[in-house]
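This is what each chain is made of:
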Amino acid sequence: MVFNTRMIFVVLFLFVSVTCVNAGDPTLEHEWKVTYGTIAPLGVPQQGILINGQFPGPAINCTSNNNIVVNVFNQLDEPFLLTWVGIQQRKNSWQDGTPGAMCPILPGKNYTYRFQVKDQIGTYFYFPTTALHRASGGIGMLKVHSRPLIPIPYDNPAEEYPVLLGDWYNKGHKTLKSILDSGRSIGRPDGIQINGQSSKVGDANAKPLFTFEAGKTYKLRVCNVGLRLSVNFRVQGHTMKVVEVEGSHTVQNLYDSLDLHVGQCMSVLVTADQTPKDYYFVASSRFAQHPLSTVAVIRYANGNGPASPELPPPPPDSTKGIAWSISQFRSFRWNLTSNAARPNPQGSYKYGKINITRTIKIANSRSSSNGKLRFGINGVSHVDAETPLKLAEYYGVADKVFTYNLMKDEPQEGDKVEVAPNVVNGTYRNFVEIIFENHEKTIQTWHLDGFSFFAVAIEPGRWSPEKRKNYNLLDAVSRNTIQVYPNSWAAVMTTLDNAGMWNLRSEMRERAYLGQQLYLSVVSEARSLRDEYSLPETQELCGIVKSLPKPAPYT
């Protein structure tokens, strides 16, 4: 009898475990220990957040449709969560790793993420969404390769290298958080790091970022994982061919330098076709009052000679720089004939012929509430609730935690903000247009969890319906982030075909922490496993739902 009971338990456990993954696809398992440790990205020792003793953290290297299992042990002194930027978590916002979808992993505890990289390829990263932990590390790359039977639109590179770059602060995450909690801005960063290091021209002790062999072509997967600044990167003496942007194969154009805004990723091919010696990989800030830059060494095998001190120049800044950057954005085009994660060509999806059912126009704002700095969207400045929004909704107690649609679909007059959880209803399977207007003097970057969207336009000025005639309705890149330049607007289009509670946020962590984010609640009224997974049996509960009876699962 004891044996039978145990067998029943094991079968039930296995059933629960595969509700969030597909048992027919390979599973990759990881065990991560999150700890503090000393790091020095800018040469100044400070307390960092390490994963398995590493900064950046270990890469997840997987293939489309793989099941990913990551058992995270939180050995910090604060609650902790990781999100997987750009991974759509189909039917599975339970694993998205945002405070609106999940309870945090408490100190001394562990949680096992289980998700599938369903029908996706491309370059992504993960980072901590709790507190201001991203300022101290906990960041790593997530690479999703095409399945062997689905060709990629370029020859396999000799090797591929991850490049995680971005601005960095010498103050730790606790100090930065206390500054924000006091109502002040964290100010400008101290420098730029590349894969956890920084260097100067002529530094004889600089270790090579990676090594090239003459005549071979390499793939660089590059992500801007900073907190605040857009970055331009370039490879001394070499051109770069963009082949992928956030999960989409692109038309393959050559570039001398590339703008990469906070939270964005892309893949480029670089051919080692120069005299064998050292060259610099250069990263410099964009649209910043106090320019920052750093370099890293690319070494040719059997090369002879140091890198030249004459660095490739950055693109123009100020107004001309914005025009230059917008022009580069428009040059990124969806490769309509290539395959992505599925055998059919990317261009077989005719997004430009779908009728728009809703337009959400949002404007970011900077203001104060009770004398403290707040950032908001359309008059609402988001604050996380003790009970995750998804759990409150699932348990039928949403009205005790938040109010739907405090934020309207149009910006409000004035600069006052209401500080409250910001949850907007989205109708399942509607095709929506989201307009981002930036009335401020600083660039913005936005990210949407759970979906990719078509980035159809960026223009200076204010948006109006007449601007739709300028949309790219043929080959706009399907991606998950979009930049909005000062006093400009951007337009994206997507189908809300993924039920769950999804975070739309500023990728600038200061702004997101102080309210520039919302959650999009997409509910399938069918309560069917066809549309969304039920609450996993192993899911942590917190807040007011902790002692409530569990609702009936979806069928």
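Residues numbered from 1 in each chain as written. Predicted model: local features only at pLDDT ≥ 70, side-chain atom pairs only at ≥ 80, totals over all residues. Heavy atoms only, no water.

So, on to the packing of aromatic side chains. Considering all chains together, one arrives at 28 aromatic pairs under this definition. Ring geometry for Tyr351 against Phe454: centres 4.0 Å apart, planes inclined by 10°, an arrangement best described as stacked. Of the two residues, Tyr351 sits in the loop between helix H3 (318-331) and strand E21 (358-369) while Phe454 sits in strand E28 (residues 453-460), which places them 103 residues apart along the sequence. Each member of the pair, Tyr351 as well as Phe454, is classed as buried. The interplanar angle of 75° and the centroid separation of 6.1 Å between the aromatic rings of Phe451 and Trp502 together place this pair among those described as edge-to-face. Taken together, the positions of Phe451 in the loop between strand E27 (444-448) and E28 and Trp502 in strand E32 (residues 500-506) put the pair 51 residues apart, joining distant regions of the chain. (Phe/Tyr/Trp six-rings, centres within 6.5 Å; stacked < 30°, edge-to-face > 60°. Helix = DSSP H or I, 4+ residues; strand = E, 2+ residues; numbered from the N terminus. Buried < 20%, exposed > 50% of the residue type's maximum accessible area, 1.4 Å probe, protein only.)

This brings us to the UniProt feature "domain: Plastocyanin-like" (unreviewed entry) in the chain. Per the UniProt record, "domain: Plastocyanin-like" (unreviewed entry) is annotated on residues 34-147, 159-302 and 387-525. End C-alpha atoms of residues 387-525 are separated by 22 Å, and the span's content is 8% helix alongside 40% strand. (UniProt positions renumbered as here; feature names shortened; annotations may be inferred.)

All chains considered together, the criterion is met by 25 salt bridges. Of the charged contacts in the structure, one is a salt bridge between Asp497 and Arg90, with a shortest N-O distance of 3.5 Å. Separated by 407 residues along the polypeptide, Asp497 in the loop between strand E31 (488-495) and E32 and Arg90 in the loop between strand E5 (82-85) and strand E6 (110-116) bring together distant segments of the chain. Here Glu246 ties to Arg479 by a salt bridge, and the two come within 3.1 Å at their closest N and O atoms. Taken together, the residues span a long stretch of sequence, with Glu246 in the loop between strand E14 (240-245) and strand E15 (248-249) and Arg479 in strand E29 (residues 478-479) at a distance of 233 residues. Under the relative-accessibility criterion, Arg479 is labelled buried at 4%. One network of salt bridges, in which partners are shared, links Arg134, Asp449, Arg505 and Glu507. (Salt bridge = Lys/Arg side-chain N within 4 Å of Asp/Glu carboxyl O.)

Okay, the nonpolar core next. Counting 35 residues, the largest nonpolar core has Leu165, Phe212, Phe233, Leu258, Met266, Val268 and Phe281 as the members making the most contacts within it. Each residue touching Leu258, except ones within four places of it in the same chain, is listed here: Val231, Asn232, Phe233, Met240, Val242, Met266, Val268, Gln328 and Phe332. In terms of nonpolar packing, the next biggest core, distinct from the first, is built from 33 residues, Phe329, Tyr428, Phe451 and Tyr485 among them. (Core = buried A, V, L, I, M, F, W, Y, C linked by side-chain atoms within 4.5 Å. Contact = heavy atoms within 4.5 Å.)

Moving on, we get to the sheet that holds strand E4 (residues 67-74). Sheet architecture is open: four strands sit in the order E2-E1-E4-E6, paired in mixed fashion. Each edge of the open sheet is held by one strand with a lone partner, namely strand E2 (46-51) and E6. Across the sheet, the mean angle separating the axes of adjacent strands is 20° when strand polarity is ignored. Pairing between strand E1 (residues 27-39) and E4: eight bridges, direction parallel. Within E4, the residue paired with Glu29 across the bridge is Val69. (Pairing = 2+ DSSP bridges. Axes fitted to C-alpha atoms, helices over the stretch in contact; angles between N-to-C directions.)

Our focus in this paragraph is H3. Across its 14 residues, H3 extends 20 Å between first and last C-alpha, which sits within 8% of the 20 Å expected from 1.5 Å per residue. Buried within H3 are the following residues: Gly321, Ile322, Ser325, Ile326, Gln328 and Phe329. Projected down its long axis, H3 shows its buried positions confined to an angular sector of 160°, all on one face. In H3, the exposed positions angled more than 90 degrees off the buried face are occupied by Thr319 and Lys320. (Expected span 1.5 Å × (residues − 1). Arc of directions from axis to C-beta.)

Looking now at the side chain of Arg374. Along the polypeptide, Arg374 turns up in strand E22 (residues 372-377). One buried charged residue, Arg374, forms no salt bridge at all, with the nearest opposite charge on Asp181 at 7.1 Å. Dropping the residues within four chain positions of it, Arg374 is found in contact with Ser365, Arg366, Ser367, Ser368, Ser369, Ser381, His382, Val417, Val419, Leu514 and Gly515. (Lys, Arg positive; Asp, Glu negative; His and termini not counted.)

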